[in-house]
Every structure is written in C-alpha cells, then in structure tokens.
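A structural walkthrough
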Amino acid sequence: MKKTKLKIAVAGAALVVAAATGMALAASGSSTTSGSERPRTEQSTQQSKQRTPSAIKADGPNAFPHSLDFDAQSKTFFTGSLKHGKVYAVGQDGKVRTHIDDPELVSAQAVLADRERDRILVSNVDYGTADRSNKEAPFRIAGVGSYDLASGKQDWCVDLTAVALDGKQHLISDVTVAPDGTVYAVDELTPTVFRIDTEGRASVFLRSDLLQGKLDIPDFLDGVGMAAVEWVKGNQLIIAMADGSLVRVPVQHPEKAEKVKLSARLASPAAGMRLLKDGSIAAVSSGLLSGKPAKIQRVEPRDGWKEATVTVTDTVEDPVTSDVTAGPGGTAYALSGGLAALLAGKPNDGFTLTPVKTD
C-alpha cells in the first residue's frame, strides 16, 4: 500500500521554494516564450501584441482546478474544483459559473468535454483536502462521471475502487476517449488503466509494471505514476508518467505496451497533455519539485509512436501549472490552479489561464 504523508502544512519543499522565488500564482498571467527574437520595430511590436491573446484571470475563489478543456462550439472553458468537487464553466472574460454540482464528486480532477457525445467526463478523486473529503482516509475515492454537456445533469458515475478490488489507494489523474466513445482512465497510485463503455460499465483494461509509479513528492506522496493519457491515431493510448517517460499502449493488444523512445524525457513531474491537430502532443510539466517555471513541450511522434522528439516550446512563470488545452482561434492556454496553496491549506482568489506556444 502507498504510504501517504498528508502533512499538509509542509506539503513539499518545492512549495517553499516556489514562494521564496516569487513564483506563486502568476497574477500577471505572463509567460516567457522561446524561439526566434521578435522584430524590434514599434509597428511590428504593436502587431505582435494585437495577435497575442491575453491571460485570463478567472474569478473562482478557492476553486483550485487541476484540469482544463475548451469547447469550441460554446467557446467555453471547463474546469474542475479540487476543493469543492464542482465543475465550472469559464468564459473568456474570466467569469466563472457552476456547471456541475454532483454530491458524488469529492474532488473533480480530470475534465474532458466530449462534444461528439454532448457530455463532460470528470474524474473523481480525494486528496483529503476537499469540502467533501474523508480527511482520515484520503485517496479512497476513485471514479469517473459522465454529465450532459448542456445541462450538467449526471448520466452515470462509476466507482473504480469497486472495480479494482485491491484495497489500495487510488487517484484517477486523467481520462481520454476513443472514437467509439470508450473512456480510458489512468490511476496515478497503482499501475492500472480502466476502460469504461458508453453506458458507464467499467473494467480493468491493463495492469502493467511499466506503469508503476517511481516519482516521490516529499512530504506528500510516494510512487506517483501515470499523470496523463491521450488516445492517438493507430488506436493507441499514450500515457505520460510523472517521471517524464511515455508509454505506448496498443488498444487491441495492451499486453504489448512499451516505452516510447524519446529524444529527451519530459521535464518531471509531467502533468497534463493535449493532442494537437497534426497528431503531436502538447505536454506541460510542473515545476512543483524545482520551483522553476513550468515547461510546455511538444512531442512529435515517429514510427507510429514507437519514437518521439521532445522540444520545449514555452514556459509559464507559475511553477505549479498543471494542464494545457486548445483555446479560441487556434490559441492554446495553460492552467495554473493554485495547487501549492491548496496543499498548504491557504486560500486563493482564483486561477489563471496563460496563453502559450505549442509549436
């Protein structure tokens, strides 16, 4: 069984580092971009500013979101609350409204808008810090819920601890959906991938030593494993491990799962991923353990995802940045949800969506 060290007041030396270096939630929403130097004429600078979207300061006090998705049709961002267990709709003006308030949700971690089936998928977790938490027994809640995209009404909510039947601690860090509507959910604390059909019937899809967690977060969690998952062309799952490695899982033959040969590992700890239109993946790595700016990385596959090239495309000043998503008009945004404050038991007044480059 995983050893949980819920000493929230000292939830990792990295939180102290982040505060000491002035890298708490980026009030300015600024990011440090990489790449070629911009033209220095006044005219071109003004044009560049006009083309660059502004950071979005969302007004959700103590929401502490971890995941972010964008629905292009309604031009709305959706994000979940680790503190309140709700899912919020976020406008481009930063206005936040409650979209899903399901008593079954303790903490809403992964949030995925599935427009093909007019639903929102949400992973249900319990860090022991939420309003609805069992603070004496954290990481005993693990599930996935499906909710109507328009109304927020529950379609189903499945308890994955009842499927795993292993008595262990669980944390469903991310979900993805295949073209046929099948949902795949990854567990950060056990090497287990779950499969859920469109009616909410769940089963264990894969258990593999390749997916065993190896990253320790001081004074918080040991053996942190799968951080994010994406379904990609070729009917495969690409799973980001917290240590910066990637695992490729052929859906038809999950027993043939293998590590992706990378030009360089993702920075650790890896956090969220987003599939890009050209089949590459944008990934964000948190600076939780280093106190340094979070990194946005582009992962370009070769040979059917047996190999991939990793390049850093941008950074976000807030170290504890946890996800990246598409935005309106071909933009991309990274989410800084205030996780450091949550773990330290401190309040915050909202969260930030920072525009980032993914190529």
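Now for a look at the structure at hand. (Residues numbered from 1 in each chain as written. Predicted model: local features only at pLDDT ≥ 70, side-chain atom pairs only at ≥ 80, totals over all residues. Heavy atoms only, no water.)

Turning to the packing of aromatic side chains, a few remarks are in order. A full pass over the atoms with the stated rule returns six aromatic pairs. With a centroid separation of 6.1 Å and an interplanar angle of 5°, the aromatic rings of Tyr127 and Phe220 are classed as stacked. Within this pair, whereas Tyr127 is found in the loop between β7 (119-125) and β8 (143-148), its partner Phe220 is found in the loop between β14 (215-217) and β15 (221-224), the two being separated by 93 residues in sequence. We note that Tyr127, like Phe220, is buried. In this structure an aromatic cluster arises from ring pairing among Phe70, Phe77 and Tyr333. (Phe/Tyr/Trp six-rings, centres within 6.5 Å; stacked < 30°, edge-to-face > 60°. Helix = DSSP H or I, 4+ residues; strand = E, 2+ residues; numbered from the N terminus. Buried < 20%, exposed > 50% of the residue type's maximum accessible area, 1.4 Å probe, protein only.)

Looking now at unusual backbone geometry. The omega torsion across Ser268 and Pro269 is 5°, close enough to zero to call that bond cis. The topology assignment puts Pro269 in the loop between β20 (261-262) and β21 (270-275). Here the phi dihedral of Phe64 falls at roughly 50°; this positive angle occurs in a residue that is not glycine. Mapped onto the elements, Phe64 comes out in the loop between β1 (56-58) and β2 (68-71).

Turning next to the side chain of Ser146. Relative to the helices and strands, Ser146 is located in strand β8. If near-sequence neighbours (up to four positions away) are discounted, Ser146 is found in contact with Arg119, Ile120, Leu121, Lys153, Gln154, Asp155 and Trp156. (Contact = heavy atoms within 4.5 Å.)

Examined against the element boundaries, Trp156 turns out to sit in strand β9 (residues 154-159). The exposure class of Trp156 is buried, given its relative accessible area of 10%. Sequence-wise, Trp156 and Thr198 are 42 residues apart; in three dimensions their C-alpha atoms are separated by 9.5 Å. Leave out the neighbours within four places in its chain, and Trp156 touches Arg119, Leu121, Val144, Gly145, Ser146, Ile196, Asp197, Thr198, Glu199 and Gly200. A polar side-chain atom of Trp156 sits 3.2 Å from the main-chain carbonyl oxygen of Thr198. (Polar contact = N/O pair within 3.5 Å; in protein donor to acceptor, adjacent residues only side chain to side chain.)

A few words now on the pairing of strand β4 (residues 87-90). Along β4, one buried face is formed by Val87 and Ala89 and the opposite face, lined by Tyr88 and Val90, is buried too. Once strand β3 (residues 76-80) ends, the chain turns through six residues before running back antiparallel as β4, passing Gly85 with a positive phi of about 70°. Pairing of β4 with strand β5 (residues 96-100) involves four bridges; the strand directions are antiparallel. From the neighbouring strand, Val87 faces β5, where its bridge partner is Ile100. Remark: five residues form the turn of the hairpin made by β4 and β5, two consecutive strands paired antiparallel; Gly94 in that turn has positive phi of roughly 85°. (Pairing = 2+ DSSP bridges.)

Attention shifts here to the pattern of salt bridges. Applying the stated criterion across every chain, the model contains 14 salt bridges. We note a salt bridge from Asp71 to Arg115, for which the minimum N-O separation is 2.4 Å. Remark: Arg115 occurs in the loop between β6 (107-114) and β7 and Asp71 occurs in strand β2; sequence separation between them is 44 residues. For Asp71, a relative accessible area of 4% translates into the label buried. (Salt bridge = Lys/Arg side-chain N within 4 Å of Asp/Glu carboxyl O.)

Below, the discussion takes up empty space enclosed by the protein. The full count for this structure, using the stated rule, is one cavity of 30 Å³ or more. If you add up the space inside the largest cavity, you get close to 290 Å³. If you trace the largest cavity, you find 22 residues lining it, with His66, Glu188, Ile217, Leu288 and Leu339 closest to the centre. Only β14, β15, β21 and α4 (339-343) provide two or more residues apiece to the lining of the largest cavity. The residue inventory of the lining of the largest cavity, partitioned by class, reads 16 nonpolar, five polar and one charged. (1 Å grid on protein atoms, 1.4 Å probe; cavity = no way out; pocket = protein on both sides within 12 Å on 5 of 7 lines; lining within 4 Å. Points joined across faces, edges and corners; volume = space filled by probe spheres on them. Nonpolar A, V, L, I, M, F, W, Y, C, P; charged D, E, K, R; others polar.)

If you add up the space inside the largest pocket, you get close to 1,200 Å³. In terms of lining, the largest pocket is formed by 48 residues, of which the most central are Asp69, Arg274, Leu275, Leu276 and Ala326. Residue assignment for the lining of the largest pocket shows that the elements contributing at least two residues are β2, β6, β10 (172-177), β16 (226-232), β21 and β25 (323-326). Here the residues of the lining of the largest pocket are counted per class, giving 21 nonpolar, 12 polar and 15 charged.

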